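# Structural description and commentary
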Amino acid sequence: METKKRVAYFYNNEIGNYNYGKLHLMNPKRISMTHSLIVGYGVYKDLDVYTTREATKEEIMQFHDQDYVEYLSNYVSSTKIDFLRKNGCTAPIIDEEAKNDVEKKRQYGIDVQADCPGFDGVYTFSQLSTGGSIDAAHLIINNAADVAINWGGGLHHAKKGEAYGFCYVNDIVICILELLKVFPRVLYIDIDVHHGDGVEEAFFTTNRVMTVSFHEFGEDFFPGTGGLNSSGEGLGKNYAVNVPLRPGMDDESYKQLFKNVMNKVMEVFRPDVVVFQTGADSLANDKIGHFNLSIRGHGECLTYMLRFNVPVVVLGGGGYTIQNVSRCWAYETGLLVKKNLNGPIPVDDPFFHLYEKQNMLHVPIQQVENKNSKEDLNKIQEEVFKQLKEVDA
Ligand code: ZLV
Ligand code: CA
Ligand code: ZN
């Protein structure tokens, strides 16, 4: 019999106020929208709620280079500098020279025109994202929770010394490093529509972390890594698992493949703890991804992992149709406390106006062509199984 899980939830009201810029698709408001639905549907009372703190520089430097972290922590946007100057501030605001050094910006991946703009509070935002993931790990380590959720985390692309793909600090790598202080084996699962490259790269040569990413692949889809044959190196050989897919993945084919692969992974790797990146850009109608999953299908992948009775850290990730992101993560928070949320969005939700066009929690998905044939999917599964046969954990 499955027993009730102790579910912890990390949130900080501030996180939704950070802004990547008007035209950017990554919108931290989706975290606050998720929170409002969690409260509105009454899931809140079934959770152990914690306020997320900011991770310290030392914690962040467990993975990231000191010079990169210094740069990020000193970052102030030009708009803010102009504002302070106009208002009579004459003191040195930051190391302005370093900030404006074009070479440094390029080195650290910060570019206003591109994926990782410098914005006001970019460092504090990253500290909050990371603080939640670290404390989630600590609750699991202390056996104070069976499941610990941080929807503000899951920023899987950030590199050791470089921002990449909307991600500045890799909260996932740091969370896993915390878990590795106590647990021999950590399993990382990533259902964001993008390849979890930053996490894979960080643990590519170790057999203590198995990384499994399902992602859209081909035709220059970002980031372009995560092919079937990329499987780890040295001691880590076969411990990086990649499931590259074409556009149009639907619930049936995705769930089937996910369950088959994860069953085998659990059998051969036997992890002590799971870290699950729940990127919601794999849902239908995302503004970047081209999969066709329903919220229920996405959620079923997450809850499938509960049956193995291994503690789980649940993190957010991508997701660019923000109303669907909040729907999905609120629904999944419900599933984790055994509640099957449905029905209309509560009318007193502070973001109700954003759902007005479709005011239900679950939204219909259009039929689009699944570019993955049954044969393709069988072939991929076969290759992954072949790799997993070589794992000797
Ligand atoms: O969801 O970008 O394709 C976790 C996550 O996995 C690219 N970036 C790179 C490669 C060359 N570029 C394009 C740079 C353009 C910068 C602006 C956009 C602007 C408007 C609309 C969409 C994009 C965009 N950028 C779509 N895909 C990208 C990717 C980065 C995806 C990161 C996913 C992050 C949070
Ligand atoms: Ca992925
Ligand atoms: Zn993504």
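Residues numbered from 1 in each chain as written. Chains lettered and ligands numbered in written order. Predicted model: local features only at pLDDT ≥ 70, side-chain atom pairs only at ≥ 80, totals over all residues. Heavy atoms only, no water.

### Some points on the overall build of the chain
Using the following cut-off: A run of DSSP states H or I qualifies as a helix once it reaches four residues; a run of E qualifies as a strand once it reaches two. Both are numbered from the N-terminal end. Only protein chains enter the accessibility calculation, which uses a 1.4 Å probe; a residue whose area is less than 20% of its type maximum is buried, one above 50% is exposed, and one in between is partly exposed. In what follows, a contact means two residues having at least one pair of non-hydrogen atoms within 4.5 Å. Residue-level accessible areas treat just the shown protein chains as cover; the underlying method is Shrake-Rupley with a 1.4 Å probe.
Per the secondary structure count, the chain includes 13 helices and eight strands. Here the chain holds 393 residues, and the buried ones make up 58% of them. For the chain, restricting intrachain contacts to residue pairs at least 6 apart in sequence, the fraction spanning at least 24 positions comes to 79%. Accessible surface for the chain amounts to roughly 16700 Å². Of this, 48% is attributable to carbon and sulfur atoms.

### Looking at the coordination of the calcium ion (ligand 2)
Note the cut-off: For Na, K and Ca the donor cutoff is 3.2 Å, while for all other metals N, O and S atoms count as donors only within 2.8 Å; water does not appear among the atoms, so some sites may look incomplete. Square planar and octahedral assignments, for four and six donors respectively, both demand that opposite donors be over 155 degrees apart and that all other angles lie between 65 and 115; tetrahedral needs four donors with all angles between 85 and 135 degrees, and anything else is irregular.
On the protein side, the calcium ion (ligand 2) has D190 (O), D190 (OD), D192 (O), H194 (O), S213 (OG) and F214 (O) as donor atoms, found 2.5 to 3.0 Å from it. Around the calcium ion (ligand 2) sit six donor atoms, and with donor-metal-donor angles ranging over 69 to 166 degrees the site reads as irregular.

### Things to note about the sheet that holds strand β3 (residues 147-150)
Rules: Any two strands with at least two DSSP bridges between them are considered paired. Note on definitions: angles span 0 to 180 degrees between N-to-C directions of axes, and those axes are lines fitted to C-alpha atoms, for helices only across the stretch in contact.
Judged by pairing direction, the sheet is parallel, and its eight strands sit side by side in the order β2-β1-β3-β8-β7-β4-β5-β6 without closing on themselves. Whereas interior strands pair on both sides, the edge strands pair on one side only; in this sheet they are β2 (48-51) and β6 (240-245). The sheet shows a mean angle of 15 degrees between the axes of neighbouring strands, direction not considered. Two elements, strand β7 (residues 273-277) and strand β8 (residues 312-315), share four bridges in a ladder whose sense is parallel. Note on β8: the bridge partner recorded for F276 is V314. Along the sheet, helix α10 (residues 251-269) contacts β4 (186-190), β5 (209-216), β6 and β7; its crossing angle with β5, the most-contacted strand, is approximately 170 degrees.

### Digging into the site of ligand 1
Our working definition: If a single non-hydrogen atom of a residue is within 4 Å of a molecule or strand, that residue counts as near it. By the criterion applied in these results, polar contacts are pairs of N or O atoms within 3.5 Å in which, for protein atoms, one can donate a hydrogen and the other can accept it, and in which residues neighboring in sequence qualify only through two side-chain atoms.
What surrounds ligand 1 is a group of 16 residues, the closest being D115, H156, H157, D281 and Y320. The contact in question runs from an oxygen atom of ligand 1 to an N or O atom on the side chain of D192, over 3.3 Å. For ligand 1, an oxygen atom lies 3.1 Å from a polar atom in the side chain of H194. Here ligand 1 loses 64% of its free accessible area of 720 Å² to cover by the protein chains.

### Here's the deal with the coordination of the zinc ion (ligand 3)
Every protein donor of the zinc ion (ligand 3) is accounted for by D192 (OD), H194 (ND1) and D281 (OD), and the metal-donor separations fall at 1.9 to 2.0 Å. Along the chain, the residues donating to the zinc ion (ligand 3) are arranged with the sequence spacing D-x1-H-x86-D. Here the two residues D192 and H194 agree in accessibility, since each one is buried.

### What to know about the pattern of salt bridges
Where we set the bar: Criterion for a salt bridge: a side-chain nitrogen of Lys or Arg within 4 Å of a carboxyl oxygen of Asp or Glu.
Enumeration according to the criterion identifies 15 salt bridges in this entry. Measuring nitrogen to oxygen at the nearest pair gives 3.8 Å for the salt bridge that ties K160 to D65. Note that K160 is positioned in the loop between β3 and α8 (171-180) and D65 in the loop between α2 (57-60) and α3 (66-73), a separation of 95 residues in sequence. In this structure, E252 and K255 form a salt bridge, with 3.7 Å as the shortest nitrogen-oxygen distance. Of this pair, E252 and K255 are both found in helix α10, three residues apart, which corresponds to roughly one turn of the helix.

### Remarks on the packing of aromatic side chains
Short version of the rule: Centres within 6.5 Å make a pair out of two Phe, Tyr or Trp rings, where for Trp the six-membered ring is used; the pair is then stacked when the planes are under 30 degrees apart, edge-to-face when over 60, and tilted otherwise.
Summed over all chains, the structure comprises 20 aromatic pairs. Where Y164 meets F222, the ring centres are 5.1 Å apart and the plane angle is 45 degrees; that geometry is what we call tilted. Note that Y164 is positioned in the loop between β3 and α8 and F222 in the loop between β5 and β6, a separation of 58 residues in sequence. You can call Y164 partly exposed: its relative accessible area is 25%. Taken together, the ring pairs connect Y18, Y20, F119, F125 and Y168 into an aromatic cluster.

Read these as geometric descriptors, not functional statements.
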